[in-house]
Amino acid sequence: AISEHTASVAGEFVLPISDWWHATAEQLMQGLNEKAFRWAGDPQTILINGKGNMNCTHNELYTCNETGVCMEGTNEVAGANERPWYKPSYHPSGCDPSYCPGHEVLEVTSGQTYLLRLINAGSLSLFNLAVEGHSLTVVEVDGEPTQPYDTTSVDFNSGQRISVLLTANQSVGTYVIRVMTRARSGVRTAHALLQYAGSTAVISDPSAAEINQPAWSDNGFTFDFQSNIKGLYSGDHALPAVPPNSDVQKRFQILNTQERAVDGRNHNGVPSVDSIQTAIGTGDDRPENNCDAAGNTRNLRWFMGRRTFHMPSTPVLAKMYYDIGRADLSEDNGYYEIQVGEVYDMVIQNYPACNGVCETHAWHLHGMHFWVLGHFRGEYTGSEEQIAAFNLEDPPMRDTVQTVSEGVDNVPAVRSGCGYTVIRFRPMSPGAWHFHSHHVFKMAMGSSFVLHTGLSSIPPPPDNLLLCGNMTPAAISTKLFPEISEICVPPTTTTTTTTTTTTTTSTSTTTATTTTTTSSSPSTLMGTTSSETSPSSTVGPSPQSASPTTTGSLATTAQSTVVVDSTTEATVNFASPGFELSFQVLLVVLALPGLM
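To keep things clear, this report deals only with the structure shown in the data block. Only a predicted model underlies this, so the values are computations on that prediction, with no experimental measurement involved.

### Quick look at the sheet that holds strand β17 (residues 335–337)
Spatially, the five strands line up as an open sheet ordered β17-β25-β24-β19-β22, and their pairing is mixed. The outermost strands of the open sheet, each flanked by one partner alone, are β17 and β22 (400–403). Averaged over all adjacent pairs, the angle separating strand axes in this sheet is 20°, with direction ignored. Bridge analysis of strand β19 (residues 361–365) against β22 gives four bridges, and the strand direction is antiparallel. Bridge pairing in β22 links Trp363 to Val401.

Below, the structure written as structure tokens:
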């Protein structure tokens, strides 16, 4: 049970809810990364437990007349029979209702209470869910218990999970469950059914049901709903107490902005995670003054503390542990060091995007839950009054949190900080913990950074480690097997070639000898060679050519087989006292067992 409040439920329903674009991820992402920016738009369909319905002729996207002409606003678009771009190729070309999966049905018994586990598996959308004629009681968020909170509908953003109690206390019948998107003007809806045992009612058009839900732009509801969720700090499932302000080692102040990025530069203005006002800047440095595409020569990006994040091809833990581009892990690139067991705050400050809209964002921190100390209006300055308003008594614990919009239709009257959220966290495990927007398109556009616990804290990798990015065997072998790297050095093979040239004059004979020594050693396998040339002059008879000399670095009886290509099996037997080792080389470099 989540808590004593869920101990006696009659059953549970798990409802993953997702937004669905009728196009591939590659198509959607391509436009985001081009300088001639193309937004992915709002989803075409909302799915409840994988089921969704879309009217091919009249829907939230376009409307078709009797002649088959379909209009989206003032623009003519392809109709159902012409397979528009957002309709996958495996769908039938015609609008055939037989392909629709129907609605998800939740069967309940009158008088019983059920637990609904709601999961926002969407890429962009803030969902609001309500059940016709029924109230809901919030009892859990992101796997952590809450005090019971009664409401008529629930908000949950991308990545968030929320569990609610529903009591079947209405007349026997079938009721509509509605999910709608909020915080964006392109509203989409989806439906499921709550069916009482014994009901014979048939719902032919669930969209006709009258259900009280907030408007898409009602950020006041979102703000109040988030603020009214309180953590459970009593009983057997009590949350851990909130660390006091005096324990806080650092308060990160993260300004979230949308701006254009200049090629070769990952920041605008004066980057800062210590002051919101410093990060906002003045004059031309302000975020809104960095929105010019300059003739489509600048990418549209999201910035955190005025830095935009670029995903590394090599995992951060590997960069740290194996010293592969470790210098890249700097604050300038969005990597911030924290310590295991210490307490930190993070202020996430919202700011209007380039179009002036103060968007509602979802934020996720890997590796730990955190205390949500509150959602606040306006701009954070760090005043005593603002800090005193932090909820240190009963904040909820989550791993995904929102920053809430402000303004009419989410457009503030003034360009400034438009709402902020404060979290407190204590990392209990070493690692590199990604903090990012849970709106996948915004994350792809740079809305993230990494918190890491320092180089010395990172433990060794697992035995089944896979290689990627710049994690070549050569790059990681010294760190992974230091004791073998020191001992098992294949013998150095030295070949000496002597070339003699004799020149005769009327008075003397001069012999010039050029000796070239080439050494084959582990460095040769790693892509480097050593060659020395030493000329000498002698008078008299020509010396005999020197024979090739082989020397072993560990013992005079050492032998080795040179690696020729990726399939050569090389066995090295070192006859040093008490030491014998055989291994197979699988790559051009000396690959040791367990390395791949």
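### A short note on helix α1 (residues 25–32)
Where α1 is concerned, the buried positions are Leu28, Gly31 and Leu32. Relative to the axis of α1, the buried residues are bounded by an arc of 110° and lie together on one face. Buried-residue contacts for α1 involve β16 (299–304) and α6 (440–444).

### Let's talk about the environment of Tyr335
With respect to the secondary-structure elements, Tyr335 resides in strand β17. Along the primary structure Tyr335 and Val316 are separated by 19 residues, whereas in three dimensions their C-alpha atoms are 9.6 Å apart. Discounting residues that sit within four places of it in the chain, Tyr335 has contacts with Phe309, Pro312, Val316, Asp328, Leu329, Ser330, Val450 and His452.

### Examining the environment of Val273
Considering the arrangement of structural elements, one finds Val273 in the loop between β15 (248–261) and α3 (276–280). Sequence separation between Val273 and Ile254 is 19 residues, and the spatial gap between their C-alpha atoms is 5.4 Å. If near-sequence neighbours (up to four positions away) are discounted, Val273 is found in contact with Arg251, Phe252, Gln253, Ile254, Arg307 and Tyr336.

### Description of unusual backbone geometry
One non-glycine residue with positive phi stands out, namely Asn49, at about 55°. Positionally, Asn49 belongs in the loop between β2 (45–48) and β3 (63–64). With a relative accessible area of 30%, Asn49 lands in the partly exposed category. The backbone of Ala183 shows a phi angle near 75°, a positive value even though the residue is not glycine. Topologically, Ala183 is positioned in the loop between β13 (174–182) and β14 (189–196). A relative accessible area of 16% places Ala183 in the buried class.

### With respect to the side chain of His375
Secondary-structure assignment places His375 in strand β20 (residues 370–376). The buried category is assigned to His375, whose relative accessible area is 10%. Within the local environment of His375, its side chain forms a polar contact with the backbone oxygen of Gln402, the two atoms lying 3.4 Å apart. At 3.0 Å, the side chain of His375 and the side chain of Thr421 are in polar contact. In this view, His375 contacts Phe223, Gln226, Ser227, Val401, Gln402, Val404, Tyr420 and Thr421; residues no more than four positions away in its chain are not counted.

### What about the sheet that holds strand β12 (residues 161–167)?
With mixed pairing, six strands are arranged side by side in an open sheet as β2-β1-β7-β12-β9-β10. Of all strands in the sheet, those with a lone pairing partner are β2 and β10 (144–151), marking the two edges. Averaged over all adjacent pairs, the angle separating strand axes in this sheet is 25°, with direction ignored. The pairing of strand β7 (residues 113–120) with β12 spans seven bridges and is classified as antiparallel.

### Section: the state of the cysteines
Per the counting criterion, the structure on display carries two disulfides. Each disulfide pairs two cysteine sulfurs, and for Cys291 the partner residue is Cys354, the sulfurs being separated by 2.1 Å. Across the S-S bond linking Cys291 and Cys354, the dihedral sits near -85°, which makes this disulfide left-handed. In this pair, Cys291 is assigned in the loop between α3 and β16 and Cys354 in the loop between β18 (343–349) and β19, connecting sequence segments 63 residues apart. Covalent S-S linkage joins Cys358 and Cys418, the inter-sulfur distance amounting to 2.2 Å. Of note, the bridge from Cys358 to Cys418 carries an S-S torsion of about 95° and is right-handed in sense. Residue Cys358 is found in the loop between β18 and β19, and its partner Cys418 is found in the loop between β22 and β23 (420–425); the two are separated by 60 residues along the sequence. The exposure classification of Cys358 matches that of Cys418, with both residues buried.

### Digging into the pairing of β19
Burial of β19 is extensive: five of the five residues sit out of reach of the surface. Where burial is concerned, the two faces of β19 agree: the one with His361, Trp363 and Leu365 and the one with Ala362 and His364 are both buried. The pairing of β19 with strand β24 (residues 432–437) spans three bridges and is antiparallel. Looking across to β24, one finds that His364 is bridged to His436.

### Here's the deal with the nonpolar core
Residues Leu118, Leu129, Val154, Ile162 and Leu194 are the most contacted members of the largest nonpolar core, which totals 32 residues. Membership of the second largest hydrophobic core comes to 21 residues, among which are Phe252, Met368, Phe435 and Leu451.

### Things to note about the packing of aromatic side chains
Taken as a whole and judged by the stated rule, the model has 19 aromatic pairs. Considering the side-chain rings of Tyr336 and Phe449, the 5.6 Å spacing of their centres and the 85° angle between planes classify their relative orientation as edge-to-face. With Tyr336 in strand β17 and Phe449 in strand β25 (residues 448–452), this residue pair connects regions lying 113 residues apart in the sequence. Judged by its relative accessible area of 1%, Tyr336 falls in the buried class. Given a relative accessible area of 2%, Phe449 falls into the buried group. Ring pairing ties together the aromatic residues Phe252, Tyr336, Tyr344, Trp363, Phe425, Phe435 and Phe449, which thus form one cluster. Between Arg377 and the ring centre of Phe223, over which it is positioned, the NZ or CZ distance is 4.5 Å.

Scoring rules and cut-offs
- Residues numbered from 1 in each chain as written.
- Predicted model: local features only at pLDDT ≥ 70, side-chain atom pairs only at ≥ 80, totals over all residues.
- Heavy atoms only, no water.
- Pairing = 2+ DSSP bridges.
- Helix = DSSP H or I, 4+ residues; strand = E, 2+ residues; numbered from the N terminus.
- Axes fitted to C-alpha atoms, helices over the stretch in contact; angles between N-to-C directions.
- Buried < 20%, exposed > 50% of the residue type's maximum accessible area, 1.4 Å probe, protein only.
- Arc of directions from axis to C-beta.
- Contact = heavy atoms within 4.5 Å.
- Polar contact = N/O pair within 3.5 Å; in protein donor to acceptor, adjacent residues only side chain to side chain.
- Disulfide = S-S within 2.5 Å.
- Core = buried A, V, L, I, M, F, W, Y, C linked by side-chain atoms within 4.5 Å.
- Phe/Tyr/Trp six-rings, centres within 6.5 Å; stacked < 30°, edge-to-face > 60°.
- Lys NZ or Arg CZ within 6 Å of the ring centre and 35° of its normal.

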